[in-house]
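Structure at a glance
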Amino acid sequence: MKTLKYILISIIITATVSCNSTGTKSKEKKDEAKVEVAQINKLSQKEIDDGWILLFDGESTNGFRGYNKDSFPEKGWEVVDGTLHCLASGRGEAGGGGGDIIIDKKYKNFELSLEWKISEGGNSGIFYLAREVEGQPIYKSSPEMQVLDNAKHPDARLGKDGNRQAGALYDLIPAVPQNAKKAGEWNHVKILVYKGTVVHWMNGENVVEYHLWTPEWKEMCANSKFKNWDDFINTAEEGYIGLQDHGDDVWYRNIKIKEL
């Protein structure tokens, strides 16, 4: 009987320790999540001194509005856990969500920095130097840095030489090296625009570089789907930065800019 009693006591102690351990780990994970949220969408003192401006505060949609709209979409986008989240519509590019959004200020020469995370099979994009033309979608005038789940979205296998994969100048120049992280993981990207020179960085590496308005640019466009899109070929010297609603879940955070 004593042996059985000792065994029962041992089981109870083990179960208690296990529960406490599980509870502690769960609490630690929640605390880590809170710390992560507290640390994002912030500028360091060095960034402030260098002239960086935070475009998304992690709590509101201040400074954003719908493309060709006076206000932020009432549906399709939300602020959650310090991110700007585009909700999936289930219809892909056919729409049904909130539509593309833009930062309510034009930029000319700048360095844009942000992080994105895409859902499985998801598609989105980052537009820059966009014109706002009534009745015309944003992509008709704006170069686009592709945001994509390369593993599952069909676009990754279309186009030419990977020029529709993440980080690419969409449908024109592939991102080399192709170093995008898998769906559900954060990617850090930067876009530099300076007097026509454009550079894409992804996860710390220069992956795309080109120059607007040159004969090479016009020739490249002439041999692409953009050949009849005058506002795209003759890209604006100053324009809007936009985030694409392609009907899939995508999250953005740490959106900041430095004007040059």
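In the block above lies the structure referred to throughout.
A brief look at the structure comes next. (Residues numbered from 1 in each chain as written. Predicted model: local features only at pLDDT ≥ 70, side-chain atom pairs only at ≥ 80, totals over all residues. Heavy atoms only, no water.)

**Section: the pairing of strand β9 (residues 187-194)**
Here strand β6 (residues 110-118) runs beside β9; their pairing, made up of seven bridges, is antiparallel. Note that in β9 the partner of L114 across the bridge is V189. The pairing of β9 with strand β10 (residues 197-202) spans six bridges and is classified as antiparallel. Across the sheet, residue L192 finds its bridge partner in β10, namely V199. (Pairing = 2+ DSSP bridges. Helix = DSSP H or I, 4+ residues; strand = E, 2+ residues; numbered from the N terminus.)

**Quick look at the pattern of salt bridges**
One pass over the full model with this rule turns up eleven salt bridges. The shortest N-O distance in the salt bridge between E47 and K256 comes to 3.1 Å. Within this pair, whereas E47 is found in helix α2 (residues 45-50), its partner K256 is found in strand β13 (residues 250-259), the two being separated by 209 residues in sequence. K256 matches E47 in its accessibility class, with the two residues each being buried. K105 is the partner of E259 in a salt bridge, and the nearest nitrogen-oxygen pair spans 2.9 Å. On the criterion of sequence distance, the pair formed by E259 in strand β13 and K105 in the loop between β5 (101-103) and β6 is long-range, its members being 154 residues apart. (Salt bridge = Lys/Arg side-chain N within 4 Å of Asp/Glu carboxyl O. Buried < 20%, exposed > 50% of the residue type's maximum accessible area, 1.4 Å probe, protein only.)

**Some points on the side chain of S124**
By the element assignment, S124 lies in strand β7 (residues 123-130). For S124, a relative accessible area of 0% corresponds to the buried category. A polar side-chain atom of S124 sits 2.8 Å from the main-chain carbonyl oxygen of Q244. One polar contact links S124 to Y252, side chain to side chain, over a distance of 2.8 Å. Apart from the residues lying within four places of it in its own chain, the contact partners of S124 are I118, E144, Q146, V147, Q244, H246, V250 and Y252. (Polar contact = N/O pair within 3.5 Å; in protein donor to acceptor, adjacent residues only side chain to side chain. Contact = heavy atoms within 4.5 Å.)

**Focus: the sheet that holds strand β2 (residues 64-66)**
Spatial ordering of the open sheet is given by β2-β5-β12-β7-β8, a layout of five strands whose pairing is antiparallel. Strand pairing shows two members of the sheet lacking a second neighbour, β2 and β8 (144-148), which therefore form its edges. Direction aside, neighbouring strands of the sheet carry axes that sit 25° apart on average. Pairing of β2 with β5, which is carried by three bridges, proceeds in the antiparallel orientation. (Axes fitted to C-alpha atoms, helices over the stretch in contact; angles between N-to-C directions.)

**As for the environment of H153**
Turning to its location among the elements, H153 is positioned in the loop between β8 and β9. For the pair H153 and E120, spaced 33 residues apart in sequence, the C-alpha to C-alpha distance is 7.9 Å. Not counting chain neighbours up to four residues away, the residues in contact with H153 comprise G121, G122, N123, L148 and D248.

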